[in-house]
Amino acid sequence: MFKRYVYTTGGVVLLFIIYALTLLPILAVRNTLASKEFAFALVLWGILAGIFFMPALAMIIKKAWFFPGRGEPVVRELLLSMIMGVNSLNAPVQVKKHRKKLVITWRYKDQAWCERMEKSGMKKLYELWLSFDNNTKTVTLTDKFRSVDWSLGPGRVKTGWLANSRPVFKVETGNEWGVENYEDTEPDDYNFGPEEIKGPIMNTILKNGWNVRFSLF
């Protein structure tokens, strides 16, 4: 994991270096420009830099946070079945289909778990979006968060319409991790953190031969 943090940091530093280099021509001709022209050039540079920052950051994450699968990849239908099997477990995690993707989140509408989530101080509802590329045997993971309102009364919760993307890098990898961990985890052991969803799902994918790639969007 450490090297991926290094790659990510290095990529961001390189991006800012590139930004600085693109700014140099404007600074070089500063004395030949009127104050309004120079200000306009800086504003235009700032707008373009802002537009390209998020796509560039997404590319850095895509390249740095790639995990090769272990062993021969299973067929797509079998992998989907393993992940969907989480719904049959006595766990606070649920899997939903959204068009061609899977969305994995907490059972926030289940009163038995809802009360525990509220007591944990959860402020944002975590969602893990999975996109499957059967040609490359790669699953792209996207982390999203929604606002959550517990003030409607016991066992009732309201979630926000919009989901904001924010990458979660804190995960553990290893053969001992997977969705089967949900069967052995006691209700009181859950902290309802994103890693408790992302870690087991990610490791189940890797153990079954499929690659994993993190995505910002």
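It should be noted that the structure appears before, not after, this text.
Residues numbered from 1 in each chain as written. Predicted model: local features only at pLDDT ≥ 70, side-chain atom pairs only at ≥ 80, totals over all residues. Heavy atoms only, no water.

1. Looking at the nonpolar core
Here is step 1 of the chain: Of all hydrophobic cores here, the largest spans 49 residues; its most connected members are I83, W106, L130, I205 and F214.
Here is step 2 of the chain: Excluding residues within four positions of it along the chain, F214 makes contact with I61, K62, W65, F67, L141, V168, F169, V171, K198 and M202. (Core = buried A, V, L, I, M, F, W, Y, C linked by side-chain atoms within 4.5 Å. Buried < 20%, exposed > 50% of the residue type's maximum accessible area, 1.4 Å probe, protein only. Contact = heavy atoms within 4.5 Å.)

2. Observations concerning the pattern of salt bridges
Here is step 1 of the chain: All chains considered together, the criterion is met by four salt bridges.
Here is step 2 of the chain: For R116, the salt bridge goes to D188, with nearest N and O atoms at 2.6 Å. With R116 in helix α4 (residues 111-119) and D188 in the loop between α5 (181-184) and α6 (195-207), this pair connects stretches of sequence that are 72 residues apart.
Here is step 3 of the chain: According to the relative accessible area criterion, D188 is exposed, its value standing at 65%. (Salt bridge = Lys/Arg side-chain N within 4 Å of Asp/Glu carboxyl O. Helix = DSSP H or I, 4+ residues; strand = E, 2+ residues; numbered from the N terminus.)

3. Looking at helix α2 (residues 35-64)
Here is step 1 of the chain: Between the first and last C-alpha of α2 there are 42 Å, a value that for 30 residues agrees with the 44 Å anticipated at 1.5 Å per step.
Here is step 2 of the chain: Maximum bend of α2: about 35°, positioned at F53, with proline P55 one to four residues after it.
Here is step 3 of the chain: For α2, every residue scored as buried is listed here: F38, A41, A49, L57, A58, I60, I61 and A64.
Here is step 4 of the chain: On the buried face of α2, the contacting elements are α1 (2-28), β1 (66-67) and β8 (211-215). (Expected span 1.5 Å × (residues − 1). Bend = angle between axes of the 7 residues up to and from the residue.)

4. Digging into the side chain of D143
Here is step 1 of the chain: Within the fold, D143 resides in strand β5 (residues 138-149).
Here is step 2 of the chain: Looking at D143, the relative accessible area reads 1%, which means it is buried.
Here is step 3 of the chain: There is a polar contact of 2.4 Å between the side chain of D143 and the side chain of Y126.
Here is step 4 of the chain: A distance of 2.9 Å separates a polar side-chain atom of D143 from the backbone nitrogen of V168. (Polar contact = N/O pair within 3.5 Å; in protein donor to acceptor, adjacent residues only side chain to side chain.)

5. Some points on the packing of aromatic side chains
Here is step 1 of the chain: Enumeration over the complete set of coordinates arrives at 15 aromatic pairs.
Here is step 2 of the chain: For the pair Y19 and W45, a centre-to-centre distance of 6.1 Å together with 75° between the ring planes defines the contact as edge-to-face. Of this pair, Y19 sits in helix α1 while W45 sits in helix α2; the two residues are 26 residues apart in sequence, bridging distant segments of the chain.
Here is step 3 of the chain: Both rings, one in W113 and one in Y190, keep their centres 5.8 Å apart while their planes meet at 85°; by these two values the pair is edge-to-face. One end of the pair, W113, is in helix α4; the other, Y190, is in the loop between α5 and α6, with 77 residues separating them in the sequence. Pair check on accessibility: W113 and Y190 agree, each one buried.
Here is step 4 of the chain: Of note, K144 hangs over the ring of W129, and the distance from its end group to the ring centre comes to 4.2 Å.
Here is step 5 of the chain: One residue, K198, lies across the ring of F214, its end atom 3.5 Å from the ring centre. (Phe/Tyr/Trp six-rings, centres within 6.5 Å; stacked < 30°, edge-to-face > 60°. Lys NZ or Arg CZ within 6 Å of the ring centre and 35° of its normal.)

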